[in-house]
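Residue-level listing of the chains:
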Amino acid sequence: MDALSLLPSGQEMGLQSRSRLVIVAAQRARQIMQGALPALPTKHAKPTTIALAEVLKNQVQFLTGKDARQAMKERALSSFSR
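Residues numbered from 1 in each chain as written. Predicted model: local features only at pLDDT ≥ 70, side-chain atom pairs only at ≥ 80, totals over all residues. Heavy atoms only, no water.

## Points about helix H1 (residues 18–33)
Spanning 16 residues, H1 covers 22 Å between terminal C-alpha atoms, matching the ideal 22 Å at 1.5 Å per step. For H1, the full list of buried residues reads Leu-21, Val-24, Ala-25, Arg-28, Ala-29 and Ile-32. Along H1, the residues classed as buried sweep out an arc of 140° about the axis, all on the same side. In H1, the exposed residues that point more than 90 degrees away from the buried face are Ser-19 and Met-33. Contacts made by the buried residues of H1 are with helix H2 (47–56). Phi turns positive one or two residues past the end of H1, at Gly-35, with a value near 115°. (Helix = DSSP H or I, 4+ residues; strand = E, 2+ residues; numbered from the N terminus. Expected span 1.5 Å × (residues − 1). Buried < 20%, exposed > 50% of the residue type's maximum accessible area, 1.4 Å probe, protein only. Arc of directions from axis to C-beta. Contact = heavy atoms within 4.5 Å.)

The following block contains the structure:
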């Protein structure tokens, strides 16, 4: 049995695929490594494990499609104008 078979397909959580699960968890892990506080109390120490647990427990909000592209444009414009 491989580790990926233990993960949900992602569709139960509003994710379109396991790939989206990995992307969202990786982005959240980056936030945690940059100093963001975990959304859940946890016994884990590794940012990647904490992030994956948060995503699997629906504690992470994320955008997809046009909404995500628009948010990225707005962020780029706001950081450019500073």
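Read on, since the account is not over.
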